[in-house]
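So you can see what is in the structure, the chains are spelled out below.
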Amino acid sequence: MKKAPLMVALLAVSACGAQGVLSQAAIDQALGQGTDPELIYVVDLPGYELQEQSVGAVGEEGFGAFYVSRDGRQVQLRVDRGAFDDAVCRERPVTDAEPVDAPVRCTPDEGGWYREAAGRHEYVAVKGDAFLLLAGKVTDVNRETLKNAIAGARQAAVTASPSPWRSPVERGDLPTTGDGAPNNEVGPGG
C-alpha cells in the first residue's frame, strides 16, 4: 500500500505544466511553416489547455498558438521579432480589437506592457530581439493571469530542424500547351 501514495505523487508531478508542453509534432508543424525555432515559446495558463492544432507560423518567422478553457474561452500567444516600446505600445492595435483603430490604453508594467482596447486586452513582454504577446477578451481572462503567464514564458525544446517544403505533385493529366485545364472534349451528340 505504500506504493500508492508514491504513484499518486509521481502522476501529480508529471501532470504539472502539461498545459504548457508542446509535442514534437506541433513543433514540426510550426517549423514546416517557417517559424524560427528561437521563437517557439509556451506559457502556463491555469484553466487553459494548449490547442496543438492552432500552432503555427505568424508573419515571416513568428510563432502563434491558442490556449482554450473547457468552457471555450480563448487566449492567444504570439511571438515575433521586432521592437516594442512605449511608442509602439500606444500605436499598435490590440490583437483582434474591433474596430482596429479603437483607442489603446497602454500601461507600462514591470516586465512589459498591459494594453486594452474594445473589450480585449493583452500583455506584452520583450525577450531579446523578440516580443511575446498574450491576448484575449477581457471577459475570458484577467490581467493578472496574462501577466503571470507571460512572465513565465519559456522557449520550447526544439530538437529538429525545419523540413523542406514538399514540391508540387506532378500530374499526368494536364496538357503541355494551353491554359493547363484537362481536356474535357465531348464526343458527338454530347
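Residues numbered from 1 in each chain as written. Predicted model: local features only at pLDDT ≥ 70, side-chain atom pairs only at ≥ 80, totals over all residues. Heavy atoms only, no water.

**Details of the packing of aromatic side chains**
Heads up, the rule is: Whether two aromatic rings pair depends on their centres lying within 6.5 Å, for rings of Phe, Tyr and Trp, where Trp uses its six-membered ring; planes under 30 degrees apart make the pair stacked, over 60 edge-to-face, and the rest tilted. Labels follow the DSSP assignment, with helices taken as runs of H or I lasting at least four residues and strands as runs of E lasting at least two, numbered in each case from the N terminus. Throughout this description, buried means an accessible area under 20% of the type-specific maximum (1.4 Å probe, protein chains only), exposed means over 50%, and partly exposed covers the range between. Both a distance and an angle decide whether a charge sits over a ring: NZ of Lys or CZ of Arg must be within 6 Å of the ring centre and within 35 degrees of the ring normal.
Under the definition given, this model contains two aromatic pairs. Relative to Trp113, the ring of Phe84 lies with its centre 5.1 Å away and its plane at 55°, an arrangement referred to as tilted. Residue Phe84 is located in the loop between strand 4 (74–81) and helix 3 (86–91), and its partner Trp113 is located in strand 6 (residues 112–117); the two are separated by 29 residues in the primary sequence. Each member of the pair, Phe84 together with Trp113, is buried. On the basis of an interplanar angle of 45° and a centroid distance of 5.6 Å, the ring pair of Phe84 and Phe131 is categorised as tilted. Taken together, the residues span a long stretch of sequence, with Phe84 in the loop between strand 4 and helix 3 and Phe131 in strand 8 (residues 130–137) at a distance of 47 residues. Note on Phe84: relative accessible area 7%, which makes it buried. Clustering of aromatic rings is evident, with ring pairs tying together Phe84, Trp113 and Phe131. Directly above the aromatic system of Tyr114 lies the positively charged group of Arg143, at a separation of 4.1 Å from the ring centroid.

**Examining the nonpolar core**
Most often, soluble globular proteins have nonpolar side chains that are buried together. The cut-off we apply is this: The set of buried Ala, Val, Leu, Ile, Met, Phe, Trp, Tyr and Cys residues whose side-chain atoms join them within 4.5 Å is what this entry labels a nonpolar core. Any two residues whose heavy atoms approach within 4.5 Å are treated as being in contact.
Counting residues in hydrophobic clusters, the biggest one holds 32 residues, and the most contacted among them are Leu22, Phe63, Leu77 and Leu134. For this core, the secondary-structure elements that each account for two or more residues are helix 2 (24–32), strand 1 (41–42), strand 2 (48–58), strand 3 (62–69), strand 4, strand 7 (120–127), strand 8 and helix 4 (143–151). For this core, the element with the most residues is helix 2, which contributes four residues. When residues no more than four places from it in sequence are discounted, the contact partners of Leu77 are Tyr41, Val42, Val43, Phe63, Gly64, Ala65, Tyr67, Leu133, Leu134 and Ile150. Residues Phe84, Cys89, Val124 and Leu133 belong to the second largest nonpolar core, which totals seven residues.

**Some thoughts on helix 2**
All of the buried residues in helix 2 are Ala26, Ile27, Ala30, Leu31 and Gly32. The elements touched by buried residues of helix 2 are strand 2 and strand 3. Where helix 2 ends, the next residue or the one after it, Gly34, has phi of about 105°, a positive value.

**Notes on the state of the cysteines**
Where we set the bar: Disulfides are defined as pairs of cysteine sulfur atoms found within 2.5 Å of each other.
Enumeration according to the criterion identifies one disulfide in this entry. Note on cysteine connectivity: Cys89 is disulfide-linked to Cys106, with sulfurs 1.7 Å apart. Judged by the torsion about the S-S bond (110°), the Cys89/Cys106 disulfide is right-handed. With Cys89 in helix 3 and Cys106 in strand 5 (residues 105–109), the pair connects residues that are 17 residues apart, well separated along the chain. Taking relative accessible area as the criterion, Cys106 reaches 21% and is therefore assigned partly exposed.

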